[in-house]
Amino acid sequence: MVRSGNLFADLPAQSEAELTTILAEEPGARVERIVSTGQASPAGFWYDQDGTEWVILLQGAARLLIEGEEAPRTLQPGDFVEIPAHVRHRVEWTDTNRPTVWLAVHWRS
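Report follows, based on the coordinates. No experiment lies behind these values; they were computed from the predicted model shown.

## Some remarks on the overall build of the protein
Then step 1. Helices and strands together make up the secondary structure of the protein, namely zero helices and eight strands.
Then step 2. Mapped in sequence order, the helices and strands of the protein form the string β-β-β-β-β-β-β-β.
Then step 3. Computed over C-alpha atoms, the radius of gyration of the protein comes to 14 Å, within 12% of the 13 Å expected from 2.2 N^0.38 for 109 residues, which places it in the range of a compact globule.
Then step 4. Structurally, the protein occupies a C-alpha span of about 45 × 35 × 25 Å along its principal axes.
Then step 5. Residue burial in the protein is summarised as follows: out of 109 residues, 34% are buried.
Then step 6. Within the protein, counting contacts between residues at least 6 apart in sequence, those at least 24 apart form 66% of the total.
Then step 7. By element, 52% of the accessible surface of the protein is carried by carbon and sulfur atoms, the whole surface being about 6,700 Å².
Then step 8. With 9 positive and 16 negative side-chain charges, the protein shows a spacing of 2 Å between the two charge centroids.

Structure follows, in structure tokens:
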């Protein structure tokens, strides 16, 4: 079956939680659209994932902190980051004025 859509369709102006939509999934790999509307990781929380994540910011803005780095990375549209498995990271801030749209690809080696 051929699937298609638009990554910018049905973006919420505001939401209490980040919205994650799985766009494609196969054993060992997943592609997600993530929409943030001002969300950040809770205080003291770090993502520590079993697989690698490659993420690109398509719209909006965000700050991403990688454990061991001195300061968060400021991400603008077009910026991407590949985060190896078990590299702890957190979202410090996302734009509150417009939706921040991420495309994330997850896989296990």
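## A few points about the sheet that holds strand β5 (residues 73-75)
Then step 1. Spatially, β5-β4-β7 is the arrangement adopted by the three strands of the open sheet, whose pairing is antiparallel. Single-partner strands in this sheet number two, and they are β5 and β7 (89-94). Strand-to-strand twist of the sheet, defined as the mean angle between neighbouring strand axes without regard to direction, takes the value 25°.
Then step 2. Bridging between strand β4 (residues 62-66) and β7 involves five bridges; their strand directions are antiparallel. Its bridge partner being in β7, A62 is matched across the sheet by T94.

## As for the pairing of β4
Then step 1. Counting buried residues in β4 gives four out of five residues, a clear majority hidden from the surface.
Then step 2. Judged from the three bridges that link them, β4 and β5 form a sheet pairing that is antiparallel. Opposite A62, over in β5, you have L75 as the bridge partner.

## Focus on the sheet that holds strand β8 (residues 100-107)
Then step 1. What the five strands build is an open sheet, ordered β1-β2-β8-β3-β6; its pairing is antiparallel. Whereas interior strands pair on both sides, the edge strands pair on one side only; in this sheet they are β1 (19-26) and β6 (80-83). Here the average twist between neighbouring strands, direction ignored, is 15°.
Then step 2. In this structure, strand β3 (residues 52-59) lies alongside β6, joined through four bridges in antiparallel fashion. Following the sheet pairing, E53 is matched in β6 by I83.

Conventions and cut-offs
Residues numbered from 1 in each chain as written. Predicted model: local features only at pLDDT ≥ 70, side-chain atom pairs only at ≥ 80, totals over all residues. Heavy atoms only, no water. Helix = DSSP H or I, 4+ residues; strand = E, 2+ residues; numbered from the N terminus. Rg over C-alpha atoms; globule rule 2.2 N^0.38 Å. Buried < 20%, exposed > 50% of the residue type's maximum accessible area, 1.4 Å probe, protein only. Contact = heavy atoms within 4.5 Å. Areas by Shrake-Rupley, 256 points an atom, 1.4 Å probe, with all protein chains shown as cover. Lys, Arg positive; Asp, Glu negative; His and termini not counted. Charge placed at Lys NZ, Arg CZ, Asp CG, Glu CD. Pairing = 2+ DSSP bridges. Axes fitted to C-alpha atoms, helices over the stretch in contact; angles between N-to-C directions.

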